[in-house]
Amino acid sequence: MKVKKNCTGLEALRAVTDLAGILLEEERKERESKNINIGDIELREKLCMEANSNNNNKRKRDQSEGEKERVVGSISKQRGRSNNSCSSCRKAISKSKINGTTDHEQSPAPFLPEKLKNYIIKEMGGRDIKFVIQKNLYKSDLTSNHGRLLMPLSQIREKNFLTKEEILKVSAEEKPSMTKEEKKELQESKKIPVKIVEPSLEQSEMKFTRWYVGNNHSCPCYVLIAGWTNFAEKHGLKVDEGIQVWSFRRGEDDQLSFALVRIEESAAAGTGRRSSSNQTASGEERNSQ
């Protein structure tokens, strides 16, 4: 802005005022420009923080999804192993889920029929009687080509009915270096001859051992063989019929023996025992009165 040399005081004042106004306007524009730039920076920083936050959240979601997939994969593998197990194991697992029980939450051991108990103790000199298993018979338990009573370890109630020596004997495994004859001898050596007390209080003989069954031999089971089929036919056992297996020891060398009970006999024994106890309780009440 140019100021005339020969100007009056008023003109000079007006010129200075105009100049000051121009300077103030320029300063304002510059200040606004700076504020805009600061606003842009703050906006960029805010957007950057939001982007980082989104990335972190996405990373957490990815980790969560990855963990979920890992857990689902683990369950699928477990289900796969379960599907590869024998039908008895699968049915037992399914039944425990339906009933809401586990291997450690089963009902109390049933009553051994008094008549059978007296026979074991008095006639056979038996002792250390233990409840091993209760199960419903499957078709495979009764077909002659299978010829065995399958007792999955997952359903065994008394885990300590065998001695350490017996466990080692029935659990011996084949080695890749063994010949065919050696493997055959090993399988025979794993079988323990046992005495069986039948529901009719007759005695028979079978063999007891341990097998791995299922598609990948994933289901460990104890089995009674070499006489089981004859026993089932003799007593007319049917599919889905319930039976119990009890173990006991006899003789000076504590020979392993078993007693087989049909469910209705055990139920009758329990009912009779409960009725007897109720009668006793009633008598005690009368005497106390």
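Residues numbered from 1 in each chain as written. Predicted model: local features only at pLDDT ≥ 70, side-chain atom pairs only at ≥ 80, totals over all residues. Heavy atoms only, no water.

The protein chain is annotated in an unreviewed UniProt entry as B3 domain-containing protein of Melia azedarach.

A.B. asks: Let's hear about empty space enclosed by the protein: which residues, and what values?
C.D. replies: Within the structure shown, the criterion is met by one cavity of 30 Å³ or more. In this structure, the largest cavity occupies an estimated 30 Å³ of space. Forming the boundary of the largest cavity are Pro199, Phe231, His235, Leu237, Ile243, Leu260, Val261 and Arg262. Tallying contributions element by element places strand 7 (residues 255-262) first for the lining of the largest cavity, with three residues. Of the residues assigned to the lining of the largest cavity, the class counts are six nonpolar, one polar and one charged. (1 Å grid on protein atoms, 1.4 Å probe; cavity = no way out; pocket = protein on both sides within 12 Å on 5 of 7 lines; lining within 4 Å. Points joined across faces, edges and corners; volume = space filled by probe spheres on them. Helix = DSSP H or I, 4+ residues; strand = E, 2+ residues; numbered from the N terminus. Nonpolar A, V, L, I, M, F, W, Y, C, P; charged D, E, K, R; others polar.)

A.B. asks: Pulling in residues and values, what's your account of the side chain of Lys195?
C.D. replies: Relative to the helices and strands, Lys195 is located in strand 3 (residues 192-197). Given the relative accessible area of 18%, Lys195 is considered buried. Of note is the side chain of Lys195, whose polar atom sits 3.3 Å from the side chain of Glu205. Contact partners of Lys195, with chain neighbours within four places excluded, come to Met124, Gln203, Ser204, Glu205, Arg250, Leu256, Ser257 and Phe258. (Buried < 20%, exposed > 50% of the residue type's maximum accessible area, 1.4 Å probe, protein only. Polar contact = N/O pair within 3.5 Å; in protein donor to acceptor, adjacent residues only side chain to side chain. Contact = heavy atoms within 4.5 Å.)

A.B. asks: Mind laying out the pattern of salt bridges, listing which residues take part and the relevant values?
C.D. replies: One pass over the structure, following the stated rule, counts ten salt bridges. The shortest N-O distance in the salt bridge between Arg127 and Asp254 comes to 2.5 Å. Here Asp254 lies in the loop between strand 6 (242-250) and strand 7 and Arg127 lies in strand 1 (residues 127-136), a separation of 127 residues in the sequence. Given a relative accessible area of 34%, Arg127 falls into the partly exposed group. The salt bridge involving Arg262 is made with Glu241; its shortest N-O contact spans 2.6 Å. In this pair, Arg262 sits in strand 7 while Glu241 sits in the loop between helix 7 (228-234) and strand 6, placing the two residues 21 residues apart along the sequence. Of the two residues, Arg262 and Glu241, both sit in the buried class. (Salt bridge = Lys/Arg side-chain N within 4 Å of Asp/Glu carboxyl O.)

A.B. asks: Go over the pairing of strand 6, please, and point to the residues and values.
C.D. replies: For a regular strand, side chains alternate in direction, first toward one face of the sheet and then toward the other. Extensive coverage of strand 6 is indicated by the burial of nine of its nine residues. Sheet topology note: the strand 1/strand 6 ladder contains seven bridges and is antiparallel. The partner of Ile133 across the bridge, within strand 6, is Val245. Two strands pair when backbone bridges link them, and strand 6 and strand 7 are joined in this way by eight bridges, in the antiparallel orientation. Looking at the pairing, Phe248 lines up with Ser257 of strand 7. Between strand 6 and strand 7, which follow one another and run antiparallel, lie four residues, and Gly251 among them has a positive phi close to 80°. (Pairing = 2+ DSSP bridges.)

A.B. asks: An account of unusual backbone geometry is requested, with residue identities and associated values reported.
C.D. replies: The residue Asp240 is not glycine, and still its phi comes out positive at about 75°. With respect to the helices and strands, Asp240 occurs in the loop between helix 7 and strand 6. Residue classification places Asp240 among the exposed residues on the basis of a relative accessible area of 55%. Even without being glycine, Asp254 reaches a positive phi, approximately 55°.

A.B. asks: Describe in detail the sheet that holds strand 2 (residues 148-152), supporting the description with residues and values.
C.D. replies: Here we have seven strands laid out as an open sheet, ordered 1-6-7-3-4-5-2, and mixed in their pairing. Where the open sheet ends on each side, the last strands, each with one partner, are strand 1 and strand 2. Each adjacent strand pair in this sheet contributes to an overall mean axis angle of 30°, direction not counted. (Axes fitted to C-alpha atoms, helices over the stretch in contact; angles between N-to-C directions.)

A.B. asks: Residue-level account of helix 3 (residues 114-123), with values.
C.D. replies: Along helix 3, the residues that are buried comprise Leu116, Tyr119 and Ile120. What you see down the axis of helix 3 is that its buried residues fit within an arc of 95°, all on one side. Within helix 3, the exposed residues directed more than 90 degrees away from the buried face are Lys115 and Lys122. In the segment just after helix 3, Gly125 is the residue with positive phi, at about 65°. (Arc of directions from axis to C-beta.)

A.B. asks: Hey, could you go over the side chain of Glu166 for me, with residue numbers and the actual values?
C.D. replies: When you line up the elements, Glu166 lands in helix 5 (residues 164-170). Of note is the side chain of Glu166, whose polar atom sits 2.9 Å from the backbone nitrogen of Thr163. When near neighbours in sequence (up to four residues on either side) are disregarded, Glu166 contacts Phe161, Ile192, Arg249 and Leu256.

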